[in-house]
Amino acid sequence: MIAARVLEDLAAVVGAHNVLSRRADLQTYEYDAYLEKALPGAVVFVDSTEQVSGVVRVLHRERIPFVPRGCGTNLSGGVLARGGGVVIEMARMNRVLEIDLPNRRMLVEPGVYNLDLSTALQPYGYYYAPDPASQKACSIGGNVGENAGGPHCFKYGVTSNHVLGLEVVLPDGEAVWFGGGGLDQPGFDLTGLLVGSEGTLGIVTKILLRILRLPEAVKTMLAVYDTIDDASNTVSAIVAAGMVPATLEMMDNAVIQAVEDSMAAGFPRDAAAVLILELDGLREGMEEQAERMIELCRANNVRELRVAQTEEERAALWKGRKGAFGAVSRLAPSYLVADGTVPRTRLPETIRRVGEISRRYGLPVANVFHAGDGNLHPLILFDSRKAEDRERVVAAGMEMLQLCADMGGTVSGEHGIGLEKAEAMRMVFDDGDLRAQEWVKECFDPEDLCNPGKVLPDRVSRLSGGRV
Amino acid sequence: MGSERISALAPLYDEVAKCGKCGFCQPTCPVYRTTFREGHVARGKNALFRNLVEGETVLDVDLRDSFDHCLLCRACTAACFPAVRTDQLVLAFRETYARRFGRPTLQRLIFRGLLPFPDRMRLVIRAAWTARRLGLDSLAARAGLLDMINPKLRNALEIKEDVPARFLRDRAADTGLGRPSARTVERGPAPLRVGYWISCGYNYMLPEVGEATLEALRQIGASVEILGNACCGLPVYGYGDRDGARSLARRNIELLGDLSRFDAVVSECGSCSGHLKEYPDLLADDPEFSVRAHRLAAMTRSFSEFVDPLLARTADLAPPPAAPDGDPDRPLVVTYHEPCHLGARYQGVVTQPRRILKSLPGVEYRELPEADSCCGAAGSFNVLHPEVAGGILARKMERVAAIGADVLVTECPACLLQLGLGVRRAGLPVRVAGISELVVSYSTGQRRAGSDRNGIRGGVE
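Residues numbered from 1 in each chain as written. Chains lettered and ligands numbered in written order. Predicted model: local features only at pLDDT ≥ 70, side-chain atom pairs only at ≥ 80, totals over all residues. Heavy atoms only, no water.

**Some remarks on the overall build of chain A**
(1) Moving on: From N to C terminus, chain A includes 16 helices and 19 strands.
(2) Moving on: In summary, chain A has a C-alpha radius of gyration of 22 Å against a globular reference of 23 Å for 468 residues, a match within 12%.
(3) Moving on: Dimensions of chain A, computed from C-alpha atoms along their principal axes, come out at roughly 70 × 55 × 40 Å.
(4) Moving on: Within chain A, buried positions represent 60% of all 468 residues.
(5) Moving on: Sequence separation of 24 or more characterises 71% of the internal contacts of chain A that already satisfy a separation of 6 or more.
(6) Moving on: Of the accessible surface of chain A, which amounts to about 18100 Å², a share of 51% is contributed by carbon and sulfur atoms. (Helix = DSSP H or I, 4+ residues; strand = E, 2+ residues; numbered from the N terminus. Rg over C-alpha atoms; globule rule 2.2 N^0.38 Å. Buried < 20%, exposed > 50% of the residue type's maximum accessible area, 1.4 Å probe, protein only. Contact = heavy atoms within 4.5 Å. Areas by Shrake-Rupley, 256 points an atom, 1.4 Å probe, with all protein chains shown as cover.)

Have a look at this one:
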């Protein structure tokens, strides 16, 4: 419960109709795309940096925790207001402020949809590269918070490689700028620190993004395999050969079946795995590169190769990949997307052991991966209405993360840590490592007000004297 | 009593459990794009609905805001991987809520005492329109009388600024349009015998569009009989009064009588034709009416759905090149707004109206971005939530302005009124026209659709 007096102070900043505190309204902000729930104490809609500052000042004064929220597509519980804090809703701050073609950058507010960035740039022949699967529905502010990835990040890098500068409201309400136009900023790389900090160090209110020319040519192909090992070996061979395709996406048989059931994308149902390989760049040399990639597929026992000859054929290949989550979602009432990363060479072994975990828990798994990055997305099927299922799916997901860590990988690829994986941080960091991260948090947010209980595990928080 | 009432929602538990809260419904929801309130998008409604079923929340007035803010446009379901039918959840909520807390008296009176009876409707609306023309409405508004009945009525005054002196049914009777005609042309194995479904929107608000429909059907060579139907029942259904909607469906089937005298039942109202096609679902468990509902649905056609194949295959019916006014070399730029109940998410009538418009000589057809996104009318949504509807409409108008259309065509009276309001507010030099108006104006050589009318739906010249 937030005291009426505080609600009035918040209303004085943003207007009474932009403060929600009725239970029914709050219940629509107690979730994101992860499994857990946390009822916020209030929801405040903001429309400008000044309003964010004003709201944060009130909450800081009152020592009430808060969390920024954009579109709520977070997969790790990152925007849940643990402990009844205040949700600061950023979705209305959705303006494209400036497109600066000569300097190849754009200035935007955090609520702009990822896909709308490229839509705004498309008439000029430019685009924004990181393309998370949720790009239609997720906001760039959330992408910055989570350091989001996507299929094309194998070649172009994740969000942090595309953020040049940030305007940030610090946890005490002061608005500051990190970074800016130049490639090498004097002083500490605080922009780099903020990207991926999941709203725990401050609230991003403006984002200066790097933009890219649309590629002159694109070549997309589908490679069909009888074993996951052959598909994985192809990926490793392509990377080892020094090639940098735009995407190296893999889907396993369970996903292929689901895709065929729901949209008949033309994937062979008996294949163990398919790869979607895409080259982009200059027209010149594209054919040679494609030939070379095809050779590598053949050397690794590819069963069948389909090269898209037209834009329609390209779209058809991608339709199966982009619809994969959707297709899988028809197999069971719910699914949990696990998100871990392993060294590419250990993909086949990891997949086998993911299968073992799945069988042990009696929860089916379908696999989609950004194979080039070694980033796995096992979709674990369950029924969220059953308490027992919910417990088992969380446990199975944790085992898969432990597996990734054991394989020499890590517990996240692109979905963030949030509250889902805060404890899993221990799988890859020791107390000393975590303590160093705590120092950063304490330096920015000594009161632990800004999205508390996320990213870092609880025990370390308690040791440091912070709130939980 | 609470648990007993809410158990009415339990059959939809499987449906709502499919929602994985991914958020893909947000960018396609016209309401969410205007308010950015999670309670106004499908995901929020699904969450509240699920909480209700699981006993995590109680059925009370606080939930209404969320379930009231739905256009029933189904854009969420179209964007949803597991295709959660949030429209069905909203209807079930509205029904359950009304059962618990009762319906407003005015609503009950209209649903049960007025809509099923065309004669009463005619009298009441005639009285209302007469009052309006005499300026009594603004008098009543000033005196606070309108607010006593329902403050929302004020919003309706802006949507429709003037009212027709005579209704379509009366005008058609005067001119002889809509009487079975001897001019019936043989086409294929049987003549085209059309039952014209008279929508309330055209009858009481936009009779001139209804006349254009009748004229277009005549030109195609159909023999047209105006049906004696009452309200199709969609507004009643939309308010979650399923029983009321069922009785209206039955009543209409009775009013239509023997359907074997028609080859098709045609309506230019996307909502009516869409809802008639849902009669079989509505009456599925009614042994007496189920078969007739199927029969009616099977022969129901939206105007463009009916006309498109005839225009396409009959060269002699292609509209003659029009005598252009103004610049003879500039094509008339026409665009199209797809009514929710007509388009991809309800009837699937998508290509036909566009093909008709493209076939008109001297027309340059430009596809409106987000053409299938709701305009905000949605029955009485624009009366009940004028600010939200206005935001939705403003977004639509930005797109209309950007593509530089001369004429904005659609196939639904509610959309026509709403879009007309939109161009007036935005000050756009755009004419809003029913699709039959354009077809007819071409056939009769008037180039500018609706330009000779004292444009209730028109924009700024």
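Next comes the rest of the write-up.
**A short note on the interface of chain B and chain A**
(1) Moving on: Facing 32 residues of chain B, the contacting portion of chain A comprises 38 residues.
(2) Moving on: Of the roughly 2800 Å² buried at the junction of chain B and chain A (both faces included), carbon and sulfur atoms supply 49%.
(3) Moving on: It is K21, F36 and F81 of chain B in chain B that bury the most area against chain A; as a group they hold 23% of the surface buried on that side.
(4) Moving on: Applying the counting criterion to the chain B and chain A interface returns five salt bridges.
(5) Moving on: Our count for the chain B to chain A interface comes out at 16 residue pairs in polar contact (both at pLDDT 80 or more).
(6) Moving on: When residues of the side of chain B that touches chain A are traced back to their parent elements, those giving at least two are α2 (13-17), α3 (30-35) and α4 (42-53) of chain B.
(7) Moving on: The residue makeup of the side of chain B that touches chain A, split by class, is twelve nonpolar, eight polar and twelve charged. (Buried area = accessible area lost by both parts, 1.4 Å probe. Salt bridge = Lys/Arg side-chain N within 4 Å of Asp/Glu carboxyl O. Polar contact = N/O pair within 3.5 Å; in protein donor to acceptor, adjacent residues only side chain to side chain. Nonpolar A, V, L, I, M, F, W, Y, C, P; charged D, E, K, R; others polar.)

**Considerations on the sheet that holds strand β3 (residues 66-69) of chain A**
All names here are of chain A.
(1) Moving on: Spatially, the four strands line up as an open sheet ordered β1-β2-β4-β3, and their pairing is mixed. Looking along the sheet, the strands with just one partner apiece sit at the ends: β1 (19-20) and β3.
(2) Moving on: Pairing of β1 with strand β2 (residues 42-45), which is carried by two bridges, proceeds in the antiparallel orientation. Along β2, the bridge assignment pairs V19 with V44.
(3) Moving on: Along the sheet, helix α3 (residues 49-62) makes contact with β2, β3 and β4 (86-89), crossing β4 at roughly 175°. (Pairing = 2+ DSSP bridges. Axes fitted to C-alpha atoms, helices over the stretch in contact; angles between N-to-C directions.)

**Some thoughts on the domain arrangement of chain A**
All names here are of chain A.
(1) Moving on: Split by domain assignment, chain A resolves into domain 1 (4-89), domain 2 (96-213), domain 3 (217-325), domain 4 (332-406) and domain 5 (429-463).
(2) Moving on: Centre-to-centre, using C-alpha coordinates, domain 1 lies 22 Å away from domain 5.
(3) Moving on: Taken together, the twelve residues of domain 1 in the interface contact eight residues of domain 5.
(4) Moving on: Between domain 1 and domain 5, roughly 790 Å² of surface is buried when both sides are summed, and carbon and sulfur atoms account for 56% of that area. (Domains from an automatic or database assignment.)

**Here's the deal with the pairing of strand β13 (residues 247-252) of chain A**
Regular strands place side chains that alternate from one sheet face to the opposite one.
All names here are of chain A.
(1) Moving on: Across the six residues that make up β13, a large majority, six, are buried.
(2) Moving on: Burial of β13 is two-sided: the residues T247, E249 and M251 facing one way and the residues L248, M250 and D252 facing the other way are all buried.
(3) Moving on: Sheet topology note: the β13/strand β14 (residues 273-281) ladder contains six bridges and is antiparallel. Pairing of L248 across the sheet is with L277, part of β14.

**Some thoughts on the confidence of the model for chain B**
Residue and element names in this part refer to chain B.
(1) Moving on: Averaged over all residues, the pLDDT of chain B is 87; the fraction at 70 or higher stands at 86%.
(2) Moving on: Considering only residues more than four positions removed or in separate chains, one finds that residues 315-324, a stretch of pLDDT under 50, has 18 contacts.
(3) Moving on: Scored below 50 in pLDDT, residues 446-461 makes 58 contacts in the model with residues more than four places away or belonging to other chains. (pLDDT = per-residue confidence, 0-100.)

**A short note on the sheet that holds strand β3 (residues 193-196) of chain B**
Residue and element names in this part refer to chain B.
(1) Moving on: Spatially, four strands are ordered β4-β3-β5-β6 in an open sheet, and the strand pairing comes out parallel. Since the sheet does not close on itself, it has two edges, and those belong to β4 (223-226) and β6 (300-302), each with one partner. This sheet shows a mean twist of 35° between the axes of neighbouring strands, independent of strand direction.
(2) Moving on: In this sheet, β4 lies alongside β3 in parallel orientation, the contact comprising four bridges.

**What about helix α25 (residues 413-426) of chain B?**
All names here are of chain B.
(1) Moving on: Over its 14 residues, α25 runs 20 Å from end to end, which matches the ideal 20 Å to within 8%, given 1.5 Å per residue.
(2) Moving on: Burial runs high along α25: ten of the 14 residues are buried.
(3) Moving on: The first or second residue beyond α25 is G427, which carries a positive phi of 65°. (Expected span 1.5 Å × (residues − 1).)

**Comments concerning empty space enclosed by the protein**
Residue and element names in this part refer to chain B.
(1) Moving on: Applying the stated rule across the entire model yields six cavities of 30 Å³ or more.
(2) Moving on: Roughly 120 Å³ of volume is contained in the largest cavity.
(3) Moving on: Forming the walls of the largest cavity are 17 residues, and the residues nearest its centre are C29, C70, L71, C73 and C76.
(4) Moving on: Those elements that provide at least two residues to the lining of the largest cavity are α3, α4, α6 (75-79) and α7 (86-101).
(5) Moving on: Here the lining of the largest cavity is composed, by residue class, of eleven nonpolar, three polar and three charged.
(6) Moving on: Put simply, the second largest cavity is a space of about 70 Å³.
(7) Moving on: Lining the second largest cavity we find L115, P118, M121, R169, I198, C200, N203, Y204, N229, A230 and C231.
(8) Moving on: Counting residues per element, the ones that place at least two in the lining of the second largest cavity are α9 (118-133) and α14 (200-205).
(9) Moving on: Examining the composition of the lining of the second largest cavity, we find that three residues originate from one element, α14, more than from any other. (1 Å grid on protein atoms, 1.4 Å probe; cavity = no way out; pocket = protein on both sides within 12 Å on 5 of 7 lines; lining within 4 Å. Points joined across faces, edges and corners; volume = space filled by probe spheres on them.)

**Structural notes on the domain arrangement of chain B**
Bring the parts together and some accessible area is lost; that lost area is often taken as the interface size.
Residue and element names in this part refer to chain B.
(1) Moving on: Under the domain assignment, chain B is made up of domain 1 (2-101) and domain 2 (315-443).
(2) Moving on: Averaged C-alpha coordinates put domain 1 and domain 2 at centres separated by 31 Å.
(3) Moving on: Contacts between domain 1 and domain 2 engage 15 residues on the former and 13 residues on the latter.
(4) Moving on: Summed over both sides, the interface of domain 1 with domain 2 buries roughly 1200 Å², with 66% coming from carbon and sulfur.
(5) Moving on: Viewed at the interface, domain 2 and domain 1 are joined by four residue pairs in polar contact (both at pLDDT 80 or more).
(6) Moving on: Contributions of two or more residues to the side of domain 1 that touches domain 2 are made by α3 and α6.
(7) Moving on: In terms of residue count, α3 provides more of the side of domain 1 that touches domain 2 than any other element does, five residues in total.

**Some points on a negative patch on the surface**
Residues and elements named next belong to chain A.
(1) Moving on: On the surface, E216, E284, E288, E291 and E295 cluster together to form a negatively charged patch.
(2) Moving on: As for its position among the elements, E284 is in the loop between β14 and α10 (286-299).
(3) Moving on: By relative accessible area, which is 75% here, E284 ends up exposed. (Patch = residues over 30% accessible without salt bridge, like charges linked within 9 Å, V, L, I, M, F, W, Y side chains within 5 Å. Lys, Arg positive; Asp, Glu negative; His and termini not counted. Charge placed at Lys NZ, Arg CZ, Asp CG, Glu CD.)

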